[in-house]
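Chain and residue survey
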There are 2 protein chains.
Amino acid sequence: MNPTNPVPLSDAAPLDFASVFAGLGPHVSALDACLREQVSSFEIEIREMADYCIDTSGKRIRPALVFLSGWQDEEVRPELVRVAAVIELVHLATLVHDDIMDEASIRRGRESAGKAYGSEAAVLLGDALFAHALHLAAQFPTTLVCSAVAESTRKVCAGEIIQTLRRGTTAVSREDYFRVIDLKTAELFRVSCHLGSFLGGHPPEFVRAATTFGRQLGIAYQIFDDLADFFGEEAKIGKTLGTDLGSGKLTLPLMELAELLTDSERDDVMAEITGRSVPDTAKRLQQMQDLGVFSKVNEALERELIQAEEALQPFGGAAATPRLLSLVQVLRAQVAGLSGPL
Amino acid sequence: MNPTNPVPLSDAAPLDFASVFAGLGPHVSALDACLREQVSSFEIEIREMADYCIDTSGKRIRPALVFLSGWQDEEVRPELVRVAAVIELVHLATLVHDDIMDEASIRRGRESAGKAYGSEAAVLLGDALFAHALHLAAQFPTTLVCSAVAESTRKVCAGEIIQTLRRGTTAVSREDYFRVIDLKTAELFRVSCHLGSFLGGHPPEFVRAATTFGRQLGIAYQIFDDLADFFGEEAKIGKTLGTDLGSGKLTLPLMELAELLTDSERDDVMAEITGRSVPDTAKRLQQMQDLGVFSKVNEALERELIQAEEALQPFGGAAATPRLLSLVQVLRAQVAGLSGPL
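Note that the structure is a prediction, hence the values are computed from the model and not measured.

For an interface, size is often stated in terms of accessible area lost upon the parts coming together. Each side of the interface is counted separately: chain A has 37 residues, and chain B has 37 residues. Among the secondary structure elements, those contributing two or more residues to the side of chain A that touches chain B are α5 (78-101), α7 (119-137) and α8 (144-166) of chain A. With 14 residues, the top contributor of residues to the side of chain A that touches chain B is α8 of chain A.

Laid out in structure tokens, this is it:
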């Protein structure tokens, strides 16, 4: 089988990650049941708050990665359900804290936890969710899951800290950018594929390949997310365009733009990033369109996706392989759906 | 041996918890070395920040509880050092988050992490410290430590959340008060004694007794802390008196005061707690002195300490017992050192 021409999950190839996950019917039900069950482990006074945060409306890319990388047959394996729940809880905990820091009042169409309960309680609620995720991870027979999830969480936090401290600064290299997205996004994708393939009973060589796949897909996903901040449709991504420029985050599209501009124009962009002047988002979006930033960024994204595909190339015969590769196609479809190439 | 007349740790009985810990010479050095070693596990960009938070200047009551409840002889056991480090890291992580929520700019005589790095980075730094604590906990051969520490952390957070949500409200019963301090403070004391005695190789009956001891001591310690907020010396406790009243926290001294006041005076105190009127701290302190609130609260505290002593009564022969009991005497000395009885 040619891994660049993967078998879709269903006849109608899913176009987004939410539909990939929805396509995993019995796995979805088992994960939802497992997540809902966790609410009863929280102290009675905070159960309603925990329930509010344990939202099952997201894309749930990480649980999908767990199930698909552990795929052997249709069977819903309880250990995959549990590890998917652990990773999703960690992710939900980071969202609660992210929303407090970004002072975001809306998350997935309703009030964020920070808005609903106050940021003081929400900091602690994020902590409690994370603590419970690790408690659930400790229910595996060995410390492997606990260890891997705890380490990944530290890396995610480290990536977010580095990004936070760099806000408003322009001395950020491409290497710095890739380091941060590797930590803040690719790490949980990586560990999802690692633990999914391992607990799914795949041989060590496949586990290594799936782990690399997860990491590369995660890097590509974050590049896509940063691209969508400038080339998405506002209604679809649920926020105004150019927020990264507004918050002083020097992401890849801005780096590419800076390289294509004249010295004087570049200085203007840098002044906007450092907050010395008010960002002229409309102008930057127009310049990005005019100078072909979209295709430059897409090239970088494609390099990551090709590496993801190559990692799985020797394992075309594994049931998990075409399923994982279909995610690459979903991401390509998502990128193609941005307004950039128009 | 009579457990109410314990053998002191040294000839000159230590008067505070910091000196108890300092008296554990080789254990102190081993713990400090272990904590400092952890810094290298953090991503290079956040090492300095992790190092800043991994402060070794505190009282370290929880590590002392681990070492003393695991005591068999003078030997420094690596597993006790590691679990003491895990619990101290969790405690330090909660302090980082507490300081953000309280907007405290000073912690142990220097800038808090939130003040030094900004509250955004500090929320994530607390998360990273906690994640690393769990990663260290996963280095034990079984999931026992991970599971216990993760569950205790969730309880600590739950206690803090409940307390936060109750600020400024007066419908708080004594039962509510004890529930919160059991979760927010006694839980880490309890798990310190539980894991210390278990990993120290004590028999199951002693582990159970030490666990009860830790919990009761923790409840007593929090009552002492709440008492010190009204009866401490400002220079010694490092903050102004009556902050709990100012922040709308209905603690045991305020509950006792409310019960001893006339209906109309009680309404005044309640109005101060809800923020309907400005707290008259000087007046409340005077009323507490006049009405004997100190001895009332001390009675409640003593009931907990006696239960702590009783738990260890059947184990007078264990090397750990007199050492743990000396902590009860330290706490009594601390209570006696408050300005209340003068």
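Residues and elements named next belong to chain A. With phi around 50°, arginine 60 is a residue other than glycine that occupies positive phi space. Mapped onto the secondary structure, arginine 60 falls in the loop between α3 (47-53) and α4 (61-69). Taking the number of C-beta atoms within 10 Å as the measure of exposure, arginine 60 has 26 and is therefore buried.

Overlaying chain A on chain B yields an RMSD of 0.0 Å, the required transformation being a rotation through 180° with an accompanying axial translation of 0.0 Å. Here the copies are linked by what is in effect a two-fold axis. Taking C-alpha positions as reference, the residue of chain A nearest the rotation axis is threonine 143 of chain A, located at 2.6 Å. A shared binding surface is used by both copies, with 100% of the interface residues of chain A retained as interface residues in chain B.

For the rest of this paragraph, the subject is the nonpolar core. Ranked by size, the top nonpolar core spans 234 residues in total, and within it Leu125, Leu134 and Val149 of chain A together with Leu125, Leu134 and Val149 of chain B carry the most contacts. Non-local contacts of leucine 134 of chain A, meaning those with residues more than four positions away in its chain, are made with Cys146, Val149 and Ala150 of chain A together with Leu134, Cys146 and Ala150 of chain B.

In the contact formed by α8 of chain A and helix α7 (residues 119-137) of chain B, the axes pass within 8 Å of each other and the chain directions differ by 160°. By the criterion of interaxial angle, the relationship of α8 of chain A to α7 of chain B is roughly antiparallel. Here α8 of chain A runs over α7 of chain B; the crossing is left-handed. Contacts from Cys146, Ser147, Ala150, Glu151, Thr153, Arg154, Cys157, Ala158, Glu160, Ile161, Thr164 and Leu165 of chain A in α8 of chain A reach Glu120, Ala121, Leu124, Leu125, Asp127, Ala128, Ala131, His132, Leu134 and His135 of chain B in α7 of chain B. Residues of the contact of α8 of chain A with α7 of chain B, tallied by class, amount to 12 nonpolar, 5 polar and 5 charged.

For the rest of this paragraph, the subject is the environment of serine 19 of chain B. Residues and elements named next belong to chain B. Note that serine 19 resides in helix α1 (residues 17-22). When the 15 C-beta atoms within 10 Å are taken as the criterion, serine 19 is described as partly exposed. In sequence terms serine 19 and lysine 59 are 40 residues apart; their C-alpha atoms lie 8.1 Å from each other.

What counts and what doesn't
Residues numbered from 1 in each chain as written. Chains lettered and ligands numbered in written order. Predicted model: local features only at pLDDT ≥ 70, side-chain atom pairs only at ≥ 80, totals over all residues. Contact = placed C-beta atoms within 7 Å. Helix = DSSP H or I, 4+ residues; strand = E, 2+ residues; numbered from the N terminus. Buried ≥ 20, exposed ≤ 12 C-beta atoms within 10 Å, placed from the backbone. Least-squares fit on C-alpha atoms with pLDDT ≥ 70 in both. Core = buried A, V, L, I, M, F, W, Y, C linked by C-beta atoms within 7 Å. Axes fitted to C-alpha atoms, helices over the stretch in contact; angles between N-to-C directions. Parallel < 35°, antiparallel > 145°, perpendicular 65-115°, else oblique. Left-handed = near helix turned anticlockwise from the far one by under 90°. Nonpolar A, V, L, I, M, F, W, Y, C, P; charged D, E, K, R; others polar.

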